[in-house]
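Summary of the model geometry
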Amino acid sequence: MEFREVYCSNCKKVLGRYNTKFYNEEKVGELVNTTHSTHIRKGHQVNIRKFEKN
Ligand SMILES: [Zn+2]
């Protein structure tokens, strides 16, 4: 299975993993700006990266 992983470089932690089947890039971008917005507001570097798990 493939996931999109939302990772904060400043906190050095994974904020969430979203199955690519159900979440496209746009949807994950939305989540970053809503659910994870506290990091963005603090000026943290939040990245979306692909994560594969079998
Ligand atoms: Zn952060």
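The paragraphs below set out a description of the structure included in this document. Note that this is a predicted model, so its numbers are computed, not measured.

Rules used in this analysis
Residues numbered from 1 in each chain as written. Predicted model: local features only at pLDDT ≥ 70, side-chain atom pairs only at ≥ 80, totals over all residues. Helix = DSSP H or I, 4+ residues; strand = E, 2+ residues; numbered from the N terminus. Buried ≥ 20, exposed ≤ 12 C-beta atoms within 10 Å, placed from the backbone. Contact = placed C-beta atoms within 7 Å. Pairing = 2+ DSSP bridges. Axes fitted to C-alpha atoms, helices over the stretch in contact; angles between N-to-C directions.

Now for the environment of Y7. Mapped onto the elements, Y7 comes out in strand β1 (residues 2-8). Y7 gets classed as partly exposed once you count the C-beta atoms within 10 Å, which come to 17. Once you skip the residues sitting within four places of it in the chain, Y7 turns out to touch V14, L15, N47 and R49.

Across the sheet, 3 strands lie side by side as β2-β1-β3; this open sheet has antiparallel pairing. For this open sheet the edge positions go to β2 (13-19) and β3 (46-52), each flanked by a neighbour on one side alone. When strand polarity is set aside, the average angle formed by the axes of neighbouring strands in this sheet is 25°. Of the strand pairs in this sheet, β1 and β3 are connected by 7 bridges, and their pairing is antiparallel. Following the sheet pairing, F3 is matched in β3 by F51.

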